[in-house]
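Breakdown of the fold
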Amino acid sequence: MEVVILPDAAAGAGVVADAVAALLGRRPEAVLGLATGSSPVPVYDELVARYRAGAVSFAQARAFLLDEYVGLPAGHPQSYATYIDRVFTSRVDFGPGAVRSPDGTASDLAAAGVAYEAAIKAAGGVDLQLLGIGGDGHIGFNEPGSSLASRTRLKTLTGQTRADNARFFASLDDVPRHVITQGVGTILAARHLVLVAQGATKAAAVALAVEGPVTAMVPASALQLHPHVTVVLDEAAASRLSLASYYRETYANKPAWQGL
Ligand code: F6R
């Protein structure tokens, strides 16, 4: 696992956008895994800027979202399909149908999970998966206690996650209780995992995920089992890491050819 500590979200976004652009340069038809929420927005803004400058194209790429609320009607402004369209995918040149999300409107959610797994597999798997982290250590919407081998399925949000996400809704009561999310096992099948986190509210979860034991109580700790993980943090999110100075030294002396 590589931990990259940078002064702010903009610096982190630049490094992550470099990795996405390099991937698309090598493999224009790459499959991206997209997270929603606030953390990846600086990355998306940076990618949009590079697209507008002609430096990157998504025309042949495909993308899969991590998760979706259950019960929000299609087109609801806070559904993750609508959110990603608004903050990123409609601002660049993805082709029609290239961006998929789990179907939170399905009457048979178990079947929708199986179908989503099959769609990811049919696309050849995810090349680069962007991740945020919840204050409770969740990735995707795999809350504490999630199986580390889990696949796309229904989950129930914790009270903390619903409260954290209430800022996107008119009231806490409007935040759905249920979601359909890629499992931890689904996420671990992607070829490169890039987790971004900013701010002191993420510092404890980041420290447990990166330096704590691997445990279902901190689903993000499963990233330690993956051979290619990059964790991009601002100073505040990195503030509880005991090996922070080692990570800084490693990154500062990294050979330029290595990339992320
Ligand atoms: C979103 C997702 C979640 C968020 C996490 C952090 O698709 O999968 O795991 O990444 O809840 O959310 P923010 O970035 O809003 O703090």
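Residues numbered from 1 in each chain as written. Predicted model: local features only at pLDDT ≥ 70, side-chain atom pairs only at ≥ 80, totals over all residues. Heavy atoms only, no water.

The next subject is the overall build of the chain. On a plain count of helices and strands, the chain comes out with eight helices and ten strands. A globule of 260 residues ought to have a C-alpha radius of gyration of about 18 Å, and the chain, at 17 Å, matches this closely. With respect to the principal axes defined by its C-alpha atoms, the chain has extents near 55 × 40 × 35 Å. In the chain, buried positions account for 54% of the 260 residues. Within the chain, contacts between residues separated by at least 24 positions form 79% of all contacts whose residues are at least 6 apart in sequence. By element, 56% of the accessible surface of the chain is carried by carbon and sulfur atoms, the whole surface being about 10900 Å². (Helix = DSSP H or I, 4+ residues; strand = E, 2+ residues; numbered from the N terminus. Rg over C-alpha atoms; globule rule 2.2 N^0.38 Å. Buried < 20%, exposed > 50% of the residue type's maximum accessible area, 1.4 Å probe, protein only. Contact = heavy atoms within 4.5 Å. Areas by Shrake-Rupley, 256 points an atom, 1.4 Å probe, with all protein chains shown as cover.)

The environment of the ligand is made up of 14 residues, and the closest members are S39, D67, H138, G140 and K202. Residue G140 places a main-chain N or O atom 2.6 Å away from an oxygen atom belonging to the ligand. Here an oxygen atom of the ligand sits 2.9 Å away from a polar atom, N or O, in the side chain of R167. Coverage of the ligand by the protein amounts to 93% of the 410 Å² it exposes when considered alone. In terms of residue class, the shell around the ligand is built from three nonpolar, eight polar and three charged. (Near = heavy atom within 4 Å. Polar contact = N/O pair within 3.5 Å; in protein donor to acceptor, adjacent residues only side chain to side chain. Nonpolar A, V, L, I, M, F, W, Y, C, P; charged D, E, K, R; others polar.)

A word on the nonpolar core. Of all hydrophobic cores here, the largest spans 78 residues; its most connected members are L32, F58, F88, F94, L233 and L241. The element best represented in this core is helix α1 (residues 9–26), accounting for eight residues. (Core = buried A, V, L, I, M, F, W, Y, C linked by side-chain atoms within 4.5 Å.)

Turning next to the pattern of salt bridges. Here the structure, examined in full by the defined rule, presents nine salt bridges. For E2, the salt bridge is made with K254, and the minimal N-O distance between the two is 2.7 Å. Of this pair, E2 sits in strand β1 (residues 2–6) while K254 sits in the segment after α8 (244–252), and the two are 252 residues apart along the sequence. Neither E2 nor K254 differs from the other in exposure class; each is buried. (Salt bridge = Lys/Arg side-chain N within 4 Å of Asp/Glu carboxyl O.)

With that settled, consider the sheet that holds strand β10 (residues 229–234). Within the open sheet, the seven strands sit side by side as β1-β10-β9-β6-β2-β3-β5. Their pairing is parallel. Both edges of this open sheet fall to β1 and β5 (99–100), since each of them pairs with a single strand only. Strand direction decides the pairing type here: strand β2 (residues 31–34) and strand β6 (residues 128–131), joined by two bridges, are parallel. Across the sheet, the residue bridging to L32 is L128, located in β6. Packing of helix α4 (residues 109–122) onto the sheet brings it into contact with β3 (62–65) and β5, and relative to β3 it is tilted by some 155 degrees. (Pairing = 2+ DSSP bridges. Axes fitted to C-alpha atoms, helices over the stretch in contact; angles between N-to-C directions.)

With that out of the way, let us pick up helix α2 (residues 41–52). One full turn of an α-helix is made of 3.6 residues, so residues set three or four places apart face in the same direction. Taking 1.5 Å of rise per residue, the twelve residues of α2 would be expected to cover 16 Å, and the 16 Å separating its terminal C-alpha atoms lies within 8% of that figure. Within α2 the residues assigned to the buried category are V43, Y44, L47, V48 and R50. Projected onto a plane normal to the axis of α2, the buried residues spread over an arc of 165 degrees and lie on a single side. Looking at the buried side of α2, the elements it contacts are α1, β2, α3 (80–87), β6 and β9 (192–197). G54 sits one or two residues past α2 and shows a positive phi near 80 degrees. (Expected span 1.5 Å × (residues − 1). Arc of directions from axis to C-beta.)

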